[in-house]
Amino acid sequence: MKSCFTLFFLFMAVLAWPKSAPIKSIKYFSMVYGHLHTSALSASSGLTALSCGHPVKILDDPIQTKRGWKYVQVGPHKGFIKEDYLRDKRGNCLQAQYPKFFNYLDLDLTELYFWGRLYDQYVYGKSQVNKR
Amino acid sequence: MKYIILISCILFTAVVLAEKEFKTQEEKEASLVNFDSIKELLKKDLLEHEVKKKKDKIKVIQKKKTEKKVQRYKFPEENDFWPILNEYWLVKNARILKWDFNKPDYGLASAFTLLLETLGFYEIKFKILLLDTAKVTHMALPTGGDAYVLMVSVPFIRIMDLTKLEISILLLEDFFRAKSELFKNKIKDKALSDNFGSNFFGKKFDRKLLDDAMTKYDDLVYKKGFTFQEQFEVTRMVSDILKNNSKLWSAYNGLLKKIDHLVKSNLLYKDYNKIYPSPEMQIKWITPAEDELNKYN
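Residues numbered from 1 in each chain as written. Chains lettered and ligands numbered in written order. Predicted model: local features only at pLDDT ≥ 70, side-chain atom pairs only at ≥ 80, totals over all residues. Heavy atoms only, no water.

Student: Can you break down unusual backbone geometry residue by residue, with the values?
Tutor: Residues and elements named next belong to chain B. With phi around 55°, Glu123 is a residue other than glycine that occupies positive phi space. One can find Glu123 in the loop between α7 (108-118) and β1 (125-131). Of note in the backbone geometry, Asp161 takes a positive phi value of approximately 50° without being a glycine. Structurally, the position occupied by Asp161 is in the loop between α8 (154-159) and α9 (164-179). (Helix = DSSP H or I, 4+ residues; strand = E, 2+ residues; numbered from the N terminus.)

In structure tokens form, the structure reads like this:
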């Protein structure tokens, strides 16, 4: 009887344990540098910095995911990245194509931070034929 | 203390080992066995052919490795170089240009897209960077063929209370400057052109190339700007394309008048004429001559 109670409590504890969002897929960051955001807003603060080709776990969390953004996990951090900045494959990163040239740019931490912020500050657009 | 020393030793060993060049199994074997010293024995055992095969395989592996190493020293191709240099310059000048600030969505992307589509410019990608400074009013950076980078100052558009259409026309002027490669041609010299796509393996990287390009960016954006001739050509280009649409042409005329009034009345923008000479002349260039008007009266 005692062991039955122990098993029951263990079962309940497993059920009550906070569940982490399941991983949907793996994608790769495609901009030169970037940030993992605390919320789905370009102006929101960064949790961690990323460079091109960094793998990102896409979390399946429909409550938190907003349009144009993905709820993701990078290392121990969970946050948001713009969908347009993610690719299915590693692709051609400029740092990987010209690694020594990038070394000579001699960027310090602040500059790396700013380079990541740059993509959040751009207003993107494209004219199209078929729209009109 | 003991543990700290022990951990440091382990870490040091790990770093040293990691820095050592990775060798394939074949290379390791080759470094252990000196085939030349046992030549006679191999001949006797008819294994010479096997040794040759092994040596050839090692040669191929080493050639591939060297090729890979050399590839790492590539100087960017021209189309890759401009986006890198643009962003490098924007990052280095982030504190002066003040582009990292919170702002509302002004709807500029959709307004400029509409203008481009109205004028028949399709499949044009662009990136607008809003600046929170009056030091730089508006400017298009060189494009590498991927997307046009257009900077525009928020204080500049606010002080003149520009409409979305007027801002779009201002961006259109810059788009034409970028399309004509006016900025790019002022930065690109022979030394830089010769280096596009080259390889600096075994040579000293010429850092001066980058520094010179950055200085030229600074000079053009902050001090020198464009010549009268370049301004004349761009103004005529914009005017000609907008002439078919009276609403757009009037907006361009109105925009130039607003800028002209601003640079004449606000000390903060007194240097505008040095960069874009000059709104007053631009108005003259696009206004039809009186005798031409009299012909129709």
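Student: Any details on the side chain of Asp120(A)? Residues and values, ideally.
Tutor: All names here are of chain A. Turning to its location among the elements, Asp120 is positioned in helix α4 (residues 109-121). The buried category is assigned to Asp120, whose relative accessible area is 7%. Among the polar contacts listed, one links the side chain of Asp120 to the side chain of His37, at a separation of 2.9 Å. In contact with Asp120, not counting residues within four places along its chain, are His35, His37, Ser42 and Tyr85. (Buried < 20%, exposed > 50% of the residue type's maximum accessible area, 1.4 Å probe, protein only. Polar contact = N/O pair within 3.5 Å; in protein donor to acceptor, adjacent residues only side chain to side chain. Contact = heavy atoms within 4.5 Å.)

Student: Can you break down helix α14 (residues 246-265) of chain B residue by residue, with the values?
Tutor: Residues and elements named next belong to chain B. When the terminal C-alpha atoms of α14 are compared, their 28 Å separation across 20 residues agrees well with the 28 Å that a helix rising 1.5 Å per residue should span. Looking only at α14, the buried set comprises Leu248, Trp249, Ala251, Tyr252, Asn253, Leu255, Leu256, Ile259, Asp260, Leu262 and Val263. Lining the buried residues of α14 we find α7, α8, α9, α13 (228-242), α15 (272-275) and α16 (279-286). Measuring from the side-chain oxygen of the N-cap residue of α14 to the backbone nitrogen of Lys247 gives 3.2 Å; that N-cap residue is Asn245. (Expected span 1.5 Å × (residues − 1).)

Student: Outline the pairing of β1(B), supporting the account with residue identities and numerical values.
Tutor: Most of β1(B) sits inside the fold, with six of its seven residues counted as buried. Relative to β1(B), strand β8 (residues 123-126) of chain A runs antiparallel, the two sharing four bridges. Counted as the bridge partner of Tyr124(A) is Lys127(B) from β1(B). Strand direction decides the pairing type here: β1(B) and strand β3 (residues 148-153) of chain B, joined by six bridges, are parallel. If you follow Leu130(B) over to β3(B), its bridge partner there is Val152(B). (Pairing = 2+ DSSP bridges.)

Student: I'd like a rundown of the nonpolar core, residues and numbers included.
Tutor: Ranked by internal contacts, the top residues of the largest apolar core, which has 108 residues, are Phe101(A), Trp115(A), Trp89(B), Leu90(B), Met139(B), Met151(B) and Leu172(B). Of the residues forming this core, the biggest block, nine residues, is contributed by α14(B). Beyond its immediate sequence surroundings of up to four residues, Met139(B) is in contact with Val149(B), Leu150(B), Met151(B), Asp174(B), Phe183(B), Leu220(B), Val221(B), Phe226(B), Ile275(B) and Tyr276(B). Judged by nonpolar contacts, the second largest core, of five residues, contains Ala40(A), Trp69(A), Tyr71(A) and Phe80(A). (Core = buried A, V, L, I, M, F, W, Y, C linked by side-chain atoms within 4.5 Å.)

Student: Tell me about the interface of chain B and chain A, and name the residues and values.
Tutor: Of the residues lining the interface, 41 residues belong to chain B; the matching set on chain A comes to 32 residues. Summed over the shared surface of chain B and chain A, the result is three salt bridges. One salt bridge in this structure joins Lys92(B) and Glu111(A), with 2.9 Å as the shortest N-O distance. Across the chain B-chain A interface, the total number found is 18 residue pairs in polar contact (both at pLDDT 80 or more). Looking at the side of chain B that touches chain A, the elements with two or more residues in it are α5 (78-92), α6 (94-97), α7, β1 and α12 (207-224) of chain B. Tallying contributions element by element places α5(B) first for the side of chain B that touches chain A, with eight residues. In terms of residue class, the side of chain B that touches chain A is built from 23 nonpolar, four polar and 14 charged. (Salt bridge = Lys/Arg side-chain N within 4 Å of Asp/Glu carboxyl O. Nonpolar A, V, L, I, M, F, W, Y, C, P; charged D, E, K, R; others polar.)

Student: I'd like to hear about the packing of aromatic side chains, residue by residue, with values.
Tutor: All names here are of chain B. Under the defined criterion, the tally for this structure stands at 37 aromatic pairs over all chains. Judged by centre distance (5.3 Å) and plane angle (75°), the rings of Phe81 and Trp82 are edge-to-face. Residue class for Phe81 comes out buried when judged on its relative accessible area of 1%. You can call Trp82 buried: its relative accessible area is 0%. It is Lys103 that lies over the ring of Phe101; its NZ or CZ is 4.7 Å from the centre. In this arrangement the basic side chain of Arg177 is found over the ring face of Phe226, its NZ or CZ atom lying 5.6 Å from the centre. (Phe/Tyr/Trp six-rings, centres within 6.5 Å; stacked < 30°, edge-to-face > 60°. Lys NZ or Arg CZ within 6 Å of the ring centre and 35° of its normal.)

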